[in-house]
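Chain residues, written in single-letter form:
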Amino acid sequence: MVTISLWGNDANAFVASCNGNVQCIVQGAPAAIARVAGNLRDILQTLRTVAPDTELVVIGAYDVHLGAFALTGPIFRALKQAMSEAARSARATYVDPMPAFDADDGTALCTYTLLCRDGDAHPSDAGYAVLADLAEAALD
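This report concerns the structure included in the present document. (Residues numbered from 1 in each chain as written. Predicted model: local features only at pLDDT ≥ 70, side-chain atom pairs only at ≥ 80, totals over all residues. Heavy atoms only, no water.)

Here we look at helix H7 (residues 125–139)
Relative to the 21 Å expected for 15 residues at 1.5 Å per residue, H7 spans 21 Å between its end C-alpha atoms, a close match to the ideal helical length. Of the residues making up H7, those classed as buried are Gly127, Val130, Leu131 and Ala135. Taken down its axis, H7 places every buried residue within 135° of arc, on the same side. Along H7, exposed side chains directed more than 90 degrees from the buried face belong to Asp125 and Ala137. If you follow the buried residues of H7, they end up packed against strand E2 (56–59), strand E3 (93–95), helix H4 (98–101), helix H5 (107–112) and strand E5 (120–123). (Helix = DSSP H or I, 4+ residues; strand = E, 2+ residues; numbered from the N terminus. Expected span 1.5 Å × (residues − 1). Buried < 20%, exposed > 50% of the residue type's maximum accessible area, 1.4 Å probe, protein only. Arc of directions from axis to C-beta. Contact = heavy atoms within 4.5 Å.)

Quick word on the packing of aromatic side chains
Counted by the stated rule, this structure contains four aromatic pairs. Their ring planes at 45° and their centres at 5.4 Å tell us that Phe101 and Tyr112 sit as a pair that is tilted. Residue Phe101 is located in helix H4, and its partner Tyr112 is located in helix H5; the two are separated by eleven residues in the primary sequence. Classification of Phe101 by relative accessible area gives buried; the value is 1%. Using a relative accessible area of 23% as the deciding quantity, one classes Tyr112 as partly exposed. (Phe/Tyr/Trp six-rings, centres within 6.5 Å; stacked < 30°, edge-to-face > 60°.)

Brief notes about the sheet that holds E3
Pairing is parallel across the open sheet formed by three strands, whose spatial order is E1-E2-E3. Across the chains shown, the open sheet's two edge strands, defined by having one partner strand only, are strand E1 (2–4) and E3. Strand-to-strand twist in this sheet, taken as the mean axis angle between neighbours without regard to direction, amounts to 25°. Where E2 meets E3, three bridges bridge the pair, whose relative direction is parallel. (Pairing = 2+ DSSP bridges. Axes fitted to C-alpha atoms, helices over the stretch in contact; angles between N-to-C directions.)

Re the packing of helix H1 (residues 8–17) against helix H2 (residues 22–50)
At a minimum axis distance of 10 Å, the contact between H1 and H2 shows a crossing angle of 150°. One finds that H1 runs roughly antiparallel with respect to H2. As for how H1 packs across H2, the hand of that crossing is right-handed. Contact residues: Asp10, Phe14 and Val15 in H1; Cys24, Ile25, Gly28, Ala29, Ala32 and Val36 in H2. Split by residue class, the contact of H1 with H2 holds seven nonpolar, one polar and one charged. (Parallel < 35°, antiparallel > 145°, perpendicular 65-115°, else oblique. Left-handed = near helix turned anticlockwise from the far one by under 90°. Nonpolar A, V, L, I, M, F, W, Y, C, P; charged D, E, K, R; others polar.)

Considering the state of the cysteines
Enumeration according to the criterion identifies two disulfides in this entry. Residue Cys18 pairs covalently with Cys24 via a disulfide, S to S 2.1 Å. A torsion of -65° about the S-S bond marks the disulfide between Cys18 and Cys24 as left-handed. Exposure remark for Cys18: the relative accessible area of 5% places this residue in the buried category. Bridging Cys110 to Cys116, the disulfide has an S-S length of 1.8 Å. Its torsion about the S-S bond being -40°, the disulfide of Cys110 and Cys116 is classed as left-handed. (Disulfide = S-S within 2.5 Å.)

Structural data, given as structure tokens:
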């Protein structure tokens, strides 16, 4: 099995390129999402070619923008859809962490990432456990 999580650095670079300009983020999001999905599709197709029988698992995105979910939520849902379609195109399993990570006012996000403690959006140990459980459930 190969797991792939490909979105965080691209999302951060895109948001940073807008220097806090909300209009830039909203207008540029479709192209940024298309780039992430295209890169993911290319990587998955390459993996599928060199390892045709390998179980490929794509770990989807979650929204780390506490306090801005009204703006960023629709963008991350579109990213989720594009990543899911890219996974499906390569016969990969897509795992959606958004229902667990973005389930409430930020408590889950603070528990499942290092965001609130260290300013780091990577999963915490608890978050990695949730991702593993979601992957296991998706493969069953």
